[in-house]
Amino acid sequence: MMPKIIYKDRDGNSKTIEVEKGLSVMEGAIQNDIPGIDADCGGSMACATCHVYVDEEWYDKLPKAVEAEIDMIDMAYEPKKNSRLSCQIIASDDIDGLTLTTPKKQS
Ligand code: FES
């Protein structure tokens, strides 16, 4: 069973995608043409254009962001306290059902 990730946009549309374990939530979005995630740097934590808002009930369940991710989130467009970089969230059974919202725009 592949973990399901629910990607919502600001207009309330949502898409549920099965993301292969070990891939990042960013890669799952790119492979499935989810709008709103650009991922310019390809996942190396150097661009912040994979920025997403993780639903509150999921935020604390995810492994904590490392310092470098927190620094990069500061550069994202309209960061909030539930902001994460989707390239740093790796699909696993633990995040089956993870729900996040893509920002209006990146950078
Ligand atoms: S893809 Fe560039 S920081 Fe995530």
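Going along each chain's sequence as written, the residues are numbered from 1 onward. Owing to the predicted nature of the model, reporting of local features is limited to residues with pLDDT of at least 70; listing and counting of side-chain atom pairs is limited to 80 or more, with chain, interface and lining totals taken over all residues. As a rule here, side-chain values come from all non-hydrogen atoms in the structure, and water together with hydrogens is ignored.

### Section: the sheet that holds strand β4 (residues 83–85)
Then step 1. The 5 strands are arranged β2-β1-β5-β3-β4 in an open sheet whose pairing can be described as mixed. The open sheet has two edge strands with one neighbour each: β2 (14–18) and β4. The sheet shows a mean angle of 35 degrees between the axes of neighbouring strands, taken without regard to direction. Pairing between two strands is assigned when DSSP locates at least 2 bridges connecting them. Secondary structure elements are taken from DSSP: a helix is a run of H or I of four residues or more, a strand is a run of E of two residues or more, and numbering for both begins at the N terminus. A fitted line through C-alpha atoms serves as each axis, taken over the contacting stretch for helices, and the angle formed by two N-to-C directions is quoted from 0 to 180°.

### Considerations on the nonpolar core
Then step 1. Core analysis: the largest hydrophobic core is formed by 27 residues, its most contacted members being I5, Y7, V25, I37, I95 and L98.
Then step 2. Residue assignment for this core shows that the elements contributing at least two residues are β1 (4–8), α1 (25–31), β3 (51–54), α3 (67–73) and β5 (98–101).
Then step 3. Residues contacting I5, with those up to four places away along its chain left out, are K15, T16, I17, V19, V25, I95, L98 and L100. We define the nonpolar core as a collection of buried residues of types Ala, Val, Leu, Ile, Met, Phe, Trp, Tyr and Cys that are connected through side-chain atoms lying within 4.5 Å of one another. Under the scheme applied here, a residue whose accessible area is under 20% of the maximum for its type counts as buried, over 50% as exposed, and between as partly exposed, the area being computed with a 1.4 Å probe on protein chains only. Contact criterion: two residues are considered in contact whenever any of their non-hydrogen atoms come within 4.5 Å of each other.

### So, the side chain of T49
Then step 1. Structurally, T49 is set in the loop between α1 and β3.
Then step 2. Here T49 falls in the buried class, since its relative accessible area comes to 2%.
Then step 3. In this view, T49 contacts I37, D38, A39, D40, Q106 and S107; residues no more than four positions away in its chain are not counted.

### Re unusual backbone geometry
Then step 1. At A48, a position not held by glycine, the phi torsion is positive, near 65 degrees.
Then step 2. Its place among the elements puts A48 in the loop between α1 and β3.
Then step 3. Judged by relative accessible area, A48 falls into the buried class, the value being 2%.
Then step 4. Its identity as a non-glycine residue notwithstanding, E78 has a phi of 50 degrees, on the positive side.
Then step 5. The residue E78 is located in the loop between α3 and β4 in this model.

### Regarding the packing of aromatic side chains
Then step 1. Think of it this way: a Phe, Tyr or Trp ring, Trp meaning its six-membered ring, pairs with another when their centres are within 6.5 Å, and the plane angle makes it stacked under 30 degrees, edge-to-face over 60, tilted otherwise. Throughout the structure, instances matching the rule amount to 0 aromatic pairs.
Then step 2. Note on geometry: a ring has a charge over it if NZ (lysine) or CZ (arginine) is within 6 Å of the ring centre and within 35 degrees of the ring normal. Sitting above the plane of the W58 ring, K61 keeps its charged end 4.6 Å from the centroid.
Then step 3. One Lys or Arg, K80, reaches over the ring of Y53 and ends 4.5 Å from the middle of that ring.

### Observations concerning the pattern of salt bridges
Then step 1. For this document, the term salt bridge refers to a Lys or Arg side-chain nitrogen within 4 Å of an Asp or Glu carboxyl oxygen. The final tally for this structure, using the stated rule, is 6 salt bridges.
Then step 2. K21 serves as the salt-bridge partner of D93, at 3.1 Å between the closest nitrogen and oxygen. Taken together, the residues span a long stretch of sequence, with D93 in the loop between β4 and β5 and K21 in the loop between β2 and α1 at a distance of 72 residues.
Then step 3. For the salt bridge of E56 with K81, the shortest nitrogen-to-oxygen distance reads 3.7 Å.

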